Amino acid sequence: MTLVRAATPYATQSPSSSHTYNFGAAGYGNRIVLFVMSYAGVNSISGGYEEHQWASNTIGIRMLSKVTTGGDSSVTVGLANSSDRLFMWMFELSNADEYYGSKSGVTSGAASLTAVDLPAGCTLLAGLSMYVPGTDNTNDSWPSGFTDYGQTWRDWTDGGSARRVWSSAASRDSLPANISFNQALVTGIGSGQSYAWAAGIWGPPLDEEPPSAPGNLRLTAMTPTSLTVTWDASTDNTSVAGYGVYKNGAKDGNDQTGRTKTFTGLTPGVPITVEVDAVDGKGNRSEKASITLTPINDTTPPVTPVVKVTALAAGSITVGWEQPYDQTAITGYGIYLNGQKQGQDQTGRTRTFAGLTPGGLYTVGVDAKDLLGNRSQVGTKTVKAQADTVPPSLPGAVRLVAVTQTAVTIAWDPSTDDNVGVDGYGLYVGASRVAQVGPQSQVFTFTQLTPGITYALAVDAVDELGNRSAKVPVSATTLEDSSGAAPPYEYVLYDWSSHRPLDSLPLQNVTFELALGGAGNLSAEIPLYDEDYTVGRVEAATRSERTMLLIYRGERFVGGGRVVDPTDYDSETGILRLTVEDVTGIYGRRFIPFTGPRAGTLAHTEIDWILDQTGSEADKRWLVTSGVQGTLPVDREYRQEDFSRAGDQIGDVAAAPGGFEWWAAPAWDPVNDRPRFELRRVNRDDPPSSILTLEYPGTVKRFRRSSRPGLATVVYGKLSLSEGGVLMEKVVRDDLHGAGWPKIEQAYTFEGLTSPQALKDETQRAADASRGARLVFEFELVPGASVRWWEWELGANVPVIIQDDHLYPERPDGSPGLDREMKIISIRVEPNTDEGERVTVTTAELTTAVDDQVEV
């Protein structure tokens, strides 16, 4: 804010009841501050001014202001008595949108004015008037600290006595954020004299804009028990006052001005989360930058840098390299020419060698050093110091390797280059280059193609300086879609630590199985044809405890789980195979006892107990509860403290009647900005039925008996009378639980039994039923529009009908050889095979054994 001008003051020239002060046109949007000093009898002031203060005495003072919209050049003041004396001062301020307060008074000593939380660049304006009975006031003046913008005084006769009025105004620019003003505005004032005063503060709007978040928060030093971090400076519309540093969510000391912090006394191998925010002079805080670090005794060197030529000329070579991976952080690079180190380590990732022999052959090397001084091996590049405009040779023997409905895989023999070397290969669909792969790859899979379409594909070679060979074409036709135009699959990988989607990876040969009890599996392949994938996204997507893989069918979530470190890599094909653990399907049902809400226990604590009994660590990290009336969703990872544990009441829960089932649905956590699974619960007496009927021949292409563990859990028990019927009490054998199957318990209530004989008959019927075969079948389904496996439910009952088969021939009465209800225990899917989508449904039959003890 600036003071544009202080206009020439106005003083009474002759008696009049109306006085006009002409101060000249004020600029559009500027603020006019007006001081009016006179006897108290002011009737009117023109122009729509706001009066801020009025110190009323014999010679009073008014302080007024307005923001002009143009055309303001004068003000007219009306007096009650034409003999009243009048003095006026006008000040014009720019960028004075806000009024921050004022004060006035009458005193013969100090004047007091206090203001806090002012933005930078405010201006204080003050004015005063004095009644001086026959005394010369030339020795009176403004105190130090104020800039004098003019003084004036006038004599007049009052009752035959000489009188003089003295008036002035002043400003104080660039006020601090907090001002406390307490001093006499007039010094040298005589005994018995007094003055009236008014002062006000104007300026720009308050600063409510926080600084930018600290940038590039990074590790700069480490020992097994300490970590040092640093960060780039934040910016602010005024200035940054300091930084707050946090350890595991708690602020570590007061704000600091420096941009480095060392944490000591840490435990080796135990990670800590460090956060840093910036604060300005008004207390506005930025968003936090965050990093999670683990102090370790790092003895592993960094990965060897990969050196690439970026420019060549006669006698000059320029190289560059990407930052290699290290357990801690890279602190510098050693540069070598023909095996000789060139000076000290450098932090930049480029180097130019000049003054070389034109056309000479040179070997350039780079190694990396980490925080603990571990040095990598030297990555080298041998190249001639001469201009290079010759492209590599054509890729050889380009050929089709595999074709599916939505993908085509091609391979080729490597190209060669006359100088800098082949940097990679470009892959084309029509005229569009869809990918650039690394120099070690000679295989590529074109994905997300349309079934039954002929594509013009091509591959070319490029060297490190961008010289490209001609394209080598190849034609391929994708397989027809025989699955009934089912919606396409989509594979999405989410980074576990940042909770954000990774760039899409070209997954192929995906196979997954959703099974009861969380025993499913998921596998896929990633062709490492792109160096960016190799050193970036693939690395992130294949770290243990780092990534979730989710599969969608159109907009419908299918399943997902935690990616496991891959152990199967084929260097010849460039294929990386990965698997997923803790697979969760959209309908992963578990039936276990549930009491319903108890006194003093929220419903979601029952879910907590269930996860403790049957869930995995992935469940507890990624599942939230919802759908329970009277409770809110609970984020298990971040809000575990919000609900109590039910572990101390497990016995009571297990002994209670009733059933419980849940399913997981995909959701997005808007608070933490990450994917999650949403756990829903329903209390139901009987398992659901499915819309599916498994019939061979018919909907089933082929089937086989399976020896895998099924739901052949044996239940021993006894029947006893109870109100309304008979209850079969049970004890469950645990011999199959170790194979990954859930605890499945069923209680049968037999209604209408009114006599011991009826009870005995029912007991015999149950015993007879228990002698049936414990069947586990795998049914491979016929592709078609009716195969909508994603709508089926694990744990659902499904009719199984088999006839015209040598194992189950048609019965003499024409009925099927096998016709009974079974339970879906797993669904296995291969999205893209040579035959299209392949779906295998596994069913099992639960049988019981009942002893002959009958209590009446």
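Quick caveat: nothing in here was measured; it's all calculated off a predicted structure.

Before going further, it helps to examine the confidence of the model for the chain. For the chain, per-residue confidence averages 75 on the pLDDT scale, and residues scoring 70 or more make up 66% of the total. For residues 769-773, every residue scores under 50 in pLDDT, and the model assigns this stretch nine contacts once sequence neighbours within four places are set aside.

A word on the pairing of strand 40 (residues 521-527). Two faces, one strand: in a regular strand the side chains alternate between the faces of the sheet. Counting buried positions over the seven residues of strand 40 gives five, a clear majority of the element. The sheet contact formed by strand 39 (residues 508-515) and strand 40 spans four bridges and is antiparallel. Note that in strand 40 the partner of T511 across the bridge is S523.

Let us now look at the environment of T352. The topology assignment puts T352 in strand 28 (residues 350-353). Overall, the relative accessible area of 46% leaves T352 in the partly exposed class. In this structure the C-alpha to C-alpha distance between T352 and I317, which are 35 residues apart in sequence, comes to 5.7 Å. Aside from chain neighbours lying at most four places away, what touches T352 is S316, I317 and T318. Within the local environment of T352, its side chain forms a polar contact with the side chain of T318, the two groups lying 2.9 Å apart.

The next point concerns the pattern of salt bridges. In total, this model carries 22 salt bridges according to the counting rule given. For D460, the salt bridge identified is with R468, shortest N-O distance 3.0 Å. Among the residues examined, D460 registers a relative accessible area of 2% and is labelled buried. Of the residues examined, R468 reaches a relative accessible area of 29% and is grouped as partly exposed. Linking R828 and E830 is a salt bridge whose minimum nitrogen-to-oxygen distance equals 3.3 Å.

We now examine the sheet that holds strand 24 (residues 307-313). If you trace the three strands from one edge of the open sheet to the other, you get 24-25-28, paired in antiparallel fashion. In the strand order of this sheet, the two ends are held by strand 24 and strand 28, each with one partner. Between one strand axis and the next, the sheet turns through 20° on average, direction left out of account.

Residues F512 and W789 are the most contacted members of the largest nonpolar core, which totals 40 residues. Top element by residues in this core is strand 56 (residues 818-833). It accounts for five residues.

Here the focus is the environment of A470. Relative to the elements of secondary structure, A470 occurs in the loop between strand 36 (454-463) and strand 37 (472-477). A relative accessible area of 48% places A470 in the partly exposed class. Those residues in contact with A470, other than ones at most four positions away along the chain, are L394, V459 and D460.

With respect to the helices and strands, D463 occurs in strand 36. Despite its burial, D463 pairs with no opposite charge; the closest candidate is R468, at 8.5 Å N-O. Of note is the side chain of D463, whose polar atom sits 3.0 Å from the backbone nitrogen of L465. With residues up to four places along the chain from it excluded, the contact list for D463 reads D388, V390, P392, D417, V420, G421, V422 and D423.

Per the stated rule, a full pass over the model turns up 14 aromatic pairs. Measuring from ring centre to ring centre gives 6.0 Å for F703 and F779, while their planes differ by 35°; the resulting arrangement is tilted. One end of the pair, F703, is in strand 50 (residues 700-705); the other, F779, is in strand 54 (residues 776-781), and 76 residues separate them in sequence. Just as F703 is buried, F779 falls in that class too. Members of the aromatic cluster, joined through ring pairs, are Y696, F703, F777, F779 and Y808. Above the ring of Y49, the side-chain terminus of K66 is found at 5.4 Å from the ring centroid. Stacked on the ring of Y246, the Lys or Arg K288 has its end atom at 3.9 Å from the ring centre.

Conventions adopted
- Residues numbered from 1 in each chain as written.
- Predicted model: local features only at pLDDT ≥ 70, side-chain atom pairs only at ≥ 80, totals over all residues.
- Heavy atoms only, no water.
- pLDDT = per-residue confidence, 0-100.
- Contact = heavy atoms within 4.5 Å.
- Buried < 20%, exposed > 50% of the residue type's maximum accessible area, 1.4 Å probe, protein only.
- Helix = DSSP H or I, 4+ residues; strand = E, 2+ residues; numbered from the N terminus.
- Pairing = 2+ DSSP bridges.
- Polar contact = N/O pair within 3.5 Å; in protein donor to acceptor, adjacent residues only side chain to side chain.
- Salt bridge = Lys/Arg side-chain N within 4 Å of Asp/Glu carboxyl O.
- Axes fitted to C-alpha atoms, helices over the stretch in contact; angles between N-to-C directions.
- Core = buried A, V, L, I, M, F, W, Y, C linked by side-chain atoms within 4.5 Å.
- Lys, Arg positive; Asp, Glu negative; His and termini not counted.
- Phe/Tyr/Trp six-rings, centres within 6.5 Å; stacked < 30°, edge-to-face > 60°.
- Lys NZ or Arg CZ within 6 Å of the ring centre and 35° of its normal.

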